[in-house]
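Spelled out from the first residue to the last, the chains are:
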Amino acid sequence: QVQLVESGGGLVQPGGSLRLSCTASRIIFNIYTMGWYRQAPGKQRELVADITSGGSTNYADSVKGRFTISRDNAKNTVYLQMNNLEPEDTAVYYCNLFRRDSNFWGRGTQVTVSS
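Predicted model only: the values in this text are computed from it and were never measured. (Residues numbered from 1 in each chain as written. Predicted model: local features only at pLDDT ≥ 70, side-chain atom pairs only at ≥ 80, totals over all residues. Heavy atoms only, no water.)

Points about the packing of aromatic side chains
- All chains considered together, the criterion is met by one aromatic pair.
- An angle of 65° between the planes, with centres 5.0 Å apart, marks the rings of Tyr-37 and Trp-105 as edge-to-face. Here Tyr-37, found in strand β4 (residues 33-39), pairs with Trp-105, found in strand β10 (residues 102-105); they are 68 residues apart in sequence, far enough to count as distant.
- Sitting over the face of the ring of Tyr-94, Arg-45 holds its NZ or CZ atom 4.0 Å from the ring centroid. (Phe/Tyr/Trp six-rings, centres within 6.5 Å; stacked < 30°, edge-to-face > 60°. Helix = DSSP H or I, 4+ residues; strand = E, 2+ residues; numbered from the N terminus. Lys NZ or Arg CZ within 6 Å of the ring centre and 35° of its normal.)

Here it is as structure tokens:
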């Protein structure tokens, strides 16, 4: 029922920045957690950051100080501002929404950090 649409991925040089966006449709209840996960080739999917309806955030140690997650509840949208990108950040980034006892996923957007 919930649909997530991601945008903002692309090719960036090391040290550059990108901003990912994810908008959720068909939202009825206001209390839900949204987050970003990523999966690099040959590696497991990992949590990058998430944010609750009240604004509490969590970050993976590898991105602390470089990435910032935020949300606009009126637009049902979550953002991931990525600064000082490194080649190790290259992955497919997936938007996630957790509501009640259900998880919903976007199709993913490619982020490539390369010279």
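Focus on the sheet that holds strand β3 (residues 18-25)
- Strand order in the open sheet made by the four strands is β1-β3-β8-β7, with antiparallel pairing throughout. Among the strands making up the open sheet, the edge pair consists of β1 (3-7) and β7 (67-72). Ignoring strand direction, the axes of neighbouring strands in this sheet form an average angle of 15°.
- Relative to strand β8 (residues 77-82), β3 runs antiparallel, the two being bridged by six bridges. Note that in β8 the partner of Leu-20 across the bridge is Leu-80. (Pairing = 2+ DSSP bridges. Axes fitted to C-alpha atoms, helices over the stretch in contact; angles between N-to-C directions.)

Quick look at the pattern of salt bridges
- Enumeration over the complete set of coordinates arrives at five salt bridges.
- Between Asp-89 and Arg-38 there is a salt bridge, and its shortest N-O distance comes to 3.0 Å. A residue pair is termed long-range when its members are at least 10 positions apart, and Asp-89 in the loop between β8 and β9 (91-99) and Arg-38 in strand β4 qualify at 51 residues.
- Between Arg-66 and Asp-89 there is a salt bridge, with its nearest N and O atoms 2.8 Å apart. Of this pair, Arg-66 sits in the loop between β6 (57-59) and β7 while Asp-89 is found in the loop between β8 and β9, placing the two residues 23 residues apart along the sequence. For the residue pair Arg-66 and Asp-89, the accessibility class agrees, reading buried in each case.
- Among the charged side chains, a network of salt bridges with common partners joins Arg-38, Glu-46, Arg-66, Glu-86 and Asp-89. (Salt bridge = Lys/Arg side-chain N within 4 Å of Asp/Glu carboxyl O. Buried < 20%, exposed > 50% of the residue type's maximum accessible area, 1.4 Å probe, protein only.)

Quick notes on the environment of Leu-20
- Tracing the backbone shows Leu-20 in strand β3.
- Residue class for Leu-20 comes out buried when judged on its relative accessible area of 0%.
- Considered as a pair, Leu-20 and Leu-80 are 60 residues apart in the sequence and their alpha carbons are 5.0 Å apart.
- Not counting the four nearest positions on each side in its chain, Leu-20 is found in contact with Ser-7, Gly-8, Gly-9, Trp-36, Val-78, Tyr-79, Leu-80, Met-82, Tyr-93, Thr-109 and Val-111. (Contact = heavy atoms within 4.5 Å.)

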